[in-house]
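# Remarks on the overall topology
One letter stands for each residue in the lines below.
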Amino acid sequence: MKQLSLCLLLCVLFIFPLKSENYDIIIQNVNIVDVEKGRIVKNKDVGIQQQVIKKIAIGNQLSASDSTQVINGKGKYLIPGLWDMHVHFYFPDKEYLKMYLAKGVVGVREMTGYRMEWRDSIGKNTNVPRIIFSSQIVDGPTPWFESDIPVKDCKQVIQIVQEAKKSESKFIKLLSLVPRDQYMAIVNECNRLNFEFAGHVPYSIGIIEAAKLGQKSNEHLNGLLLSCSTQEKFLHARLDSLLNVVSKEEKLSGIMKMQIMGCTTKALWSFNQAKADSVIHELSKYNMFQCPTLGVKHRFQYNELDWVYTDNRYDFFPPPVQKRYRPDAETLKKLKPFERELKLQEKLLYQMHSEGIKIIAGSDQGCAGFNLHDELEYFVNAGLSNAEALQTATINAAIYMHKEQKMGSIDENKLADLVLLNTNPLENIQNTRDIKLVIFKNKIIQPDPLLEAVKEVNIKISNIDPFEKKFD
Ligand SMILES: [Zn+2]
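As the structure is a prediction and not an experimental result, all values here were calculated from the model.

## Here we look at the overall build of the protein
Within the protein one finds 17 helices and 15 strands. Burial analysis of the protein (472 residues in total) assigns 55% to the buried set. For the protein, the proportion of contacts with a sequence separation of at least 24, taken over those separated by at least 6, is 72%.

## What about empty space enclosed by the protein?
Taken as a whole, this structure holds four cavities of 30 Å³ or more when the rule is applied. When its volume is computed, the largest cavity comes out at roughly 100 Å³. Lining the largest cavity are 14 residues, and of these His88, Tyr96, Tyr100, Gln365 and Gly366 sit closest to its centre. When the residues that make up the lining of the largest cavity are grouped by side-chain class, the tally is seven nonpolar, five polar and two charged.

## Examining the packing of helix H3 (residues 154-166) against helix H4 (residues 180-193)
Where H3 contacts H4, the axes come no closer than 9 Å and their chain directions differ by 35°. Where H3 crosses over H4, the two elements pack in a sense that is right-handed. Where H3 approaches H4, its residues Cys154, Val157, Ile158, Val161, Gln162 and Lys165 are matched on the opposing element by Asp181, Gln182, Ala185, Ile186, Glu189, Cys190, Arg192 and Leu193. The residue inventory of the contact of H3 with H4, partitioned by class, reads eight nonpolar, two polar and four charged.

## Here we look at the pattern of salt bridges
Two side chains with opposite charge may pair up if their charged atoms get near one another. All chains considered together, the criterion is met by 13 salt bridges. Residue Asp374 pairs with Arg433 through a salt bridge whose shortest N-O separation is 2.7 Å. Taken together, the positions of Asp374 in helix H14 (residues 370-382) and Arg433 in the loop between strand S13 (418-421) and strand S14 (435-440) put the pair 59 residues apart, joining distant regions of the chain. When the shortest N-O distance is used, the salt bridge between Arg433 and Glu377 registers 2.9 Å. Of the two residues, Arg433 sits in the loop between S13 and S14 while Glu377 sits in helix H14, which places them 56 residues apart along the sequence. Salt bridges sharing partners connect three or more residues here, namely Asp374, Glu377 and Arg433.

## Describing the packing of helix H7 (residues 232-247) against helix H8 (residues 254-269)
To describe two helices that pack against each other, one gives the angle between their axes and the distance between the axes. Put simply, H7 and H8 touch, their axes get as near as 10 Å, and they point 170° apart. Between H7 and H8, the interaxial angle falls into the category roughly antiparallel. Judged by residue contacts, Leu235, Arg238, Leu239, Leu242, Leu243, Val245 and Val246 of H7 engage Met256, Gln259, Ile260, Cys263, Lys266 and Ala267 from H8. Residue composition of the contact of H7 with H8, by class: ten nonpolar, one polar and two charged.

## Concerning the environment of Val108
Considering the arrangement of structural elements, one finds Val108 in strand S7 (residues 105-110). According to the relative accessible area criterion, Val108 is buried, its value standing at 0%. Put simply, Val108 and Ile131 are 23 residues apart on the chain and 5.0 Å apart in space, counted from C-alpha to C-alpha. In this structure, Val108 is in contact with Trp83, Asp84, Val87, Phe89, Tyr100, Pro129, Arg130, Ile131 and Ile132, ignoring residues within four places of it in sequence.

## Section: the nonpolar core
Counting 64 residues, the largest nonpolar core has Trp83, Phe89, Tyr96, Met99, Tyr100, Phe379 and Leu390 as the members making the most contacts within it. Ranked by the residues each element gives to this core, the list is headed by H14, at six residues. If we ignore the near neighbours within four places in the chain, the residues touching Tyr100 are Asp84, Val87, Phe89, Val105, Val108, Pro129, Ala368 and Gly369. By size, the runner-up hydrophobic cluster in this structure holds 53 residues, among which are Leu193, Leu243, Ala267 and Leu348.

## Remarks on the packing of aromatic side chains
Tallied over the full model, the rule gives four aromatic pairs. Ring geometry for Phe89 against Phe133: centres 6.3 Å apart, planes inclined by 85°, an arrangement best described as edge-to-face. Placement of the pair is Phe89 in the loop between strand S6 (82-87) and helix H2 (98-102) and Phe133 in strand S8 (residues 130-138), with a sequence separation of 44 residues. With respect to class, Phe89 is no different from Phe133; both count as buried. Measuring from centroid to centroid gives 5.2 Å for Phe289 and Tyr400, while their planes differ by 75°, and the two rings are edge-to-face. Here Phe289 is found in strand S12 (residues 289-291), whereas its partner Tyr400 is found in helix H16 (residues 395-400), with 111 residues between them in sequence. Across this residue pair, the class does not change: Phe289 and Tyr400 are buried. Seen from the ring of Phe370, Lys103 lies directly overhead, with NZ or CZ sitting 4.4 Å from the centre. It is Lys216 that lies over the ring of Tyr400; its NZ or CZ is 4.6 Å from the centre.

## Observations concerning helix H9 (residues 273-283)
Here H9 has its buried residues at Ala276, Val279, Ile280, Glu282 and Leu283. Buried residues of H9 fall within an arc of 160° about the axis and therefore sit on the same side. The backbone nitrogen of Ala274 has a side-chain oxygen 3.0 Å away, supplied by the residue at the start of H9, namely Asn272.

## Quick notes on the layout of surface pockets
Of the voids in this model, the second largest pocket is the one considered here, and its volume is about 680 Å³. In terms of lining, the second largest pocket is formed by 25 residues, of which the most central are Ile131, Ile132, Lys170, Met401 and Lys403. Here the element with the most residues in the lining of the second largest pocket is S8; it accounts for four residues. In terms of residue class, the lining of the second largest pocket is built from eleven nonpolar, five polar and nine charged.

## Quick word on the side chain of Lys441
Position of Lys441 among the secondary structure elements: in the loop between S14 and strand S15 (443-445). Of the side chains bearing the opposite charge, Asp417 lies closest to the buried Lys441, which forms no salt bridge; the N-O distance is 7.7 Å. A distance of 3.3 Å separates a polar side-chain atom of Lys441 from the backbone oxygen of Asn125.

## Let's talk about the environment of Ile186
Mapped onto the elements of the fold, Ile186 is located in helix H4. Expressed as a C-alpha distance, the spacing of Ile186 and Val161, which sit 25 residues apart in the sequence, is 7.0 Å.

Calculation notes
- Residues numbered from 1 in each chain as written.
- Predicted model: local features only at pLDDT ≥ 70, side-chain atom pairs only at ≥ 80, totals over all residues.
- Heavy atoms only, no water.
- Helix = DSSP H or I, 4+ residues; strand = E, 2+ residues; numbered from the N terminus.
- Buried < 20%, exposed > 50% of the residue type's maximum accessible area, 1.4 Å probe, protein only.
- Contact = heavy atoms within 4.5 Å.
- 1 Å grid on protein atoms, 1.4 Å probe; cavity = no way out; pocket = protein on both sides within 12 Å on 5 of 7 lines; lining within 4 Å.
- Points joined across faces, edges and corners; volume = space filled by probe spheres on them.
- Nonpolar A, V, L, I, M, F, W, Y, C, P; charged D, E, K, R; others polar.
- Axes fitted to C-alpha atoms, helices over the stretch in contact; angles between N-to-C directions.
- Left-handed = near helix turned anticlockwise from the far one by under 90°.
- Salt bridge = Lys/Arg side-chain N within 4 Å of Asp/Glu carboxyl O.
- Parallel < 35°, antiparallel > 145°, perpendicular 65-115°, else oblique.
- Core = buried A, V, L, I, M, F, W, Y, C linked by side-chain atoms within 4.5 Å.
- Phe/Tyr/Trp six-rings, centres within 6.5 Å; stacked < 30°, edge-to-face > 60°.
- Lys NZ or Arg CZ within 6 Å of the ring centre and 35° of its normal.
- Arc of directions from axis to C-beta.
- Polar contact = N/O pair within 3.5 Å; in protein donor to acceptor, adjacent residues only side chain to side chain.
- Lys, Arg positive; Asp, Glu negative; His and termini not counted.

Following this line, the structure appears as structure tokens:
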């Protein structure tokens, strides 16, 4: 009798697959990459309805209705859509944002407060990734970049926080030159308004204090080497006196910039591992995310002479930007000393990750979309597993945004921003570049036609070097 009922059950399962829920999209028989557990869940059907993963079932169990778009996922790998957590919208033409989507980057954190006017056109637009906007950049009375608005005093900085809170901005973006009193005013006002602040750890504060005070993220591992230096006190005093002079000037001179940067170089040469151990251990007690942007360090500080990207991204770089990415031998010689800094930062990044500090992936700049994949590879080179590298651009980004219940991994009831890969990213992290298609806001995106469309726009803007005036 028991055998009979089991037989019946099996018959029912095979003859009548799960009832159609009117899925908009079904991906059949796909290998799901579980980024959190670092494993492949084989041969599943994924049913999507109105941008949400409604059902994950055994392969070939979900049935399609007439309107369902069916994707054959056999032998392919499904990962959550990627987030680039440090970008700048320098280009004036929104069209280039398609590059992010073509490369599987479904969301970005914009770090300049630029192009807020684009927010109105985002909504259902499937050509623009999801965006978190920062406030305008806050960098003290004499900002590093002339294009940033000087912030004279605490009154002005409080006003900026209040205006940002009212606008679509999600956080205050800090750079390195924020004076201590203004930083404290930001902390108080943000606490009062339940608002976030993120960006560079300013020289006037230091990395541990910033973490204690609730800074949401630290970019470029700023302040880390300073705090690991045996000369820490001396260097902070030196920076304070330099910043005091700077605050009274109208414009930051090249010499002043070099003197400030010099403190970082000194920190590098007085690095102490025991100090680093205690700093990182202390940092692990707080929730400050680290967005290391190793790609920038690689591109500007560790460029090998034979550095050439093997993919087709040069087709999309405007020529002035290409020049930056292919520096001449003379420039490379000057950059050589930074090799030591990069190696050390990679080591410390791995140490922070091992202590449980959350890492988020950010490209900072470069070729939209393409560079995030480099960043994941750099993380793996620094010691993270392939799955851990994937976490930095998926679940960790979701945790950063307080949305881990709704996105960041492939589970039922989570957002169906997804990337279908031809090959397994847990075997080789470079396989995140091997994109078959992207599912974004219920639309199936084929990468190649999208990139072709962008090429035309890039020809139009080819004489603009967006990084000439500023990069941070
Ligand atoms: Zn930046």
